[in-house]
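Inside the fold
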Amino acid sequence: MNVYEAIKARRTIRDFEDKPVDMGIIERIIDAGLKAPTNNHLRQWEFVIVNDKEERAKVLRVENMTSKDECEKMLDGFGMTDDVQRNMYREAMPRQRSMLYNSGCLILPFFKVREPLLQPSSLSSLNDFASIWCCIENMLLAAASEGILGVTRIPMEEESEHIKSVIGHPENYVMPCYIALGYPAKNAAIPTQKVIHAKDRIHFNSW
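Here's what I pulled together on the structure shown here. Keep in mind that what you see is a predicted model, and the values were worked out from it rather than measured. (Residues numbered from 1 in each chain as written. Predicted model: local features only at pLDDT ≥ 70, side-chain atom pairs only at ≥ 80, totals over all residues. Heavy atoms only, no water.)

**What to know about the side chain of R56**
The criterion, for reference: Only runs of H or I of at least four residues qualify as helices and only runs of E of at least two qualify as strands under DSSP, and these elements are numbered from the N terminus. Exposure is judged per residue with a 1.4 Å probe applied to protein chains only, and the accessible area is read against the type maximum: over 50% gives exposed, under 20% gives buried, and values in between give partly exposed. Counting rule applied: Lys, Arg positive; Asp, Glu negative; His and chain ends not counted. One side-chain nitrogen of Lys or Arg within 4 Å of one carboxyl oxygen of Asp or Glu is enough to make a salt bridge. Residue contacts are counted whenever heavy atoms from the two residues lie within 4.5 Å of one another.
With respect to the secondary-structure elements, R56 resides in helix 3 (residues 53–59). For the buried residue R56, which engages in no salt bridge, the nearest side chain bearing the opposite charge is D52, 8.2 Å off. Beyond its immediate chain neighbours, meaning those up to four positions away, R56 contacts V50, N51, L100, Y101, N102, S103, G104, C105 and L106.

As structure tokens, this is what we get:
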């Protein structure tokens, strides 16, 4: 699969087949992540894999949103009016915990920070944060090339505190998201993706 095919194949799913992902494949996926560019050239990234279901249950302090009315109220509060965007959230909200718990592999990526992430002194202070997301996208593309899809979830503050207490990571490392990977279930919901053409977003010389 060439890079354009992998980009096309790389889709977010939240419904997984009950099948583990071989650790050899996971190592290849993480190795692809470690090929991503990094601002300081040190790639100060670490990965915690939580595949034991009992341990995964301890790590996850995430709940599914099962109330449709609550979901619609939240989307209204976000000011969402686009139907494609709203449908994406309608698919996602009831699966926030199950997508992480049922995945074939749950990866917790961490990156080293030089100053508090939410109190940057300048835009360049976010270089570490930007770099780890380059790593994560490399991993998702590598996974797609292996026939494996997945989803990310950025943790809420209380989730981050809980993970720190369970995993015991150093103070100067931050987990930007959960990465759930696996083989798509036969009935996996794949919401319609909004089509945006490059030519409609390109400007020349000025906006």
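**Considering helix 2 (residues 23–33)**
Heads up, the condition is: This arc is taken over the directions from the axis of the helix to the C-beta atoms. Polar contacts, as used here, are pairs of N or O atoms within 3.5 Å; protein pairs need one atom able to donate a hydrogen and one able to accept it. Residues neighboring in sequence count only if both atoms are side-chain atoms.
Three or more residues of helix 2 are buried, namely I25, I26, I29, I30, A32 and G33. The buried residues of helix 2 occupy an angular sector of 155 degrees when projected down its axis, which confines them to one face. A distance of 2.8 Å separates the backbone nitrogen of G24 from a side-chain oxygen at the start of helix 2, and that oxygen is part of D22.

**Re the packing of aromatic side chains**
We count it as follows: Aromatic pairs are defined between Phe, Tyr and Trp rings, using the six-membered ring for Trp, whenever the two ring centres lie within 6.5 Å; interplanar angles under 30 degrees are classed as stacked, those over 60 as edge-to-face, and all others as tilted. By definition, being over a ring means that NZ of Lys or CZ of Arg is both within 6 Å of the ring centre and within 35 degrees of the ring normal.
Under the definition given, this model contains three aromatic pairs. Both rings, one in F111 and one in F129, keep their centres 6.0 Å apart while their planes meet at 45 degrees; by these two values the pair is tilted. Residue F111 is found in strand 2 (residues 105–112), and its partner F129 is found in helix 7 (residues 127–145); the two are separated by 18 residues along the sequence. On the basis of relative accessible area, F111 is assigned to the buried category, the value being 1%. Under the relative-accessibility criterion, F129 is labelled partly exposed at 28%. Cation over ring: K19 sits above Y183, and NZ or CZ is 4.3 Å from the ring centre. Taking NZ or CZ as reference, K53 lies 4.8 Å from the ring centre of Y101, over its face.

**Topic: the pairing of strand 3 (residues 149–153)**
Inclusion rule: Pairing between strands is defined by DSSP: at least two bridges between them are needed.
Within strand 3, four of the five residues are buried, which leaves it mostly tucked inside the rest of the structure. In this structure, strand 3 lies alongside strand 5 (residues 178–182), joined through five bridges in antiparallel fashion. Each bridged residue has a counterpart across the sheet, and for T152 the counterpart in strand 5 is I179.

**Concerning the pattern of salt bridges**
Within the structure shown, the criterion is met by 14 salt bridges. For E137, the salt bridge is made with R10, and the minimal N-O distance between the two is 3.3 Å. Here E137 is found in helix 7, whereas its partner R10 is found in the loop between helix 1 (3–9) and helix 2, with 127 residues between them in sequence. For E137, a relative accessible area of 31% gives the class partly exposed. Of the charged contacts in the structure, one is a salt bridge between D128 and R114, with a shortest N-O distance of 3.0 Å. Here D128 is found in helix 7, whereas its partner R114 is found in the loop between strand 2 and helix 7, with 14 residues between them in sequence. Bridged by salt links that share partners, the residues E72, D76, R86 and R90 form one connected network.

**Things to note about the nonpolar core**
Selection rule: The criterion is simple. A nonpolar core is a set of buried Ala, Val, Leu, Ile, Met, Phe, Trp, Tyr and Cys residues joined through side-chain atoms within 4.5 Å.
Counting 24 residues, the largest nonpolar core has I26, I29, I107, I148, I179 and L181 as its most contacted members. Put simply, the parts of the chain that give this core at least two residues each are helix 2, strand 2, helix 7 and strand 5. The element best represented in this core is helix 7, accounting for seven residues. Ignoring anything within four residues of it in the chain, the contact list for I107 reads I26, I30, F47, V48, I49, M139, C177, Y178, I179 and L181. With 19 residues, the next largest nonpolar core counts L60, L100, L108 and Y173 among its residues.

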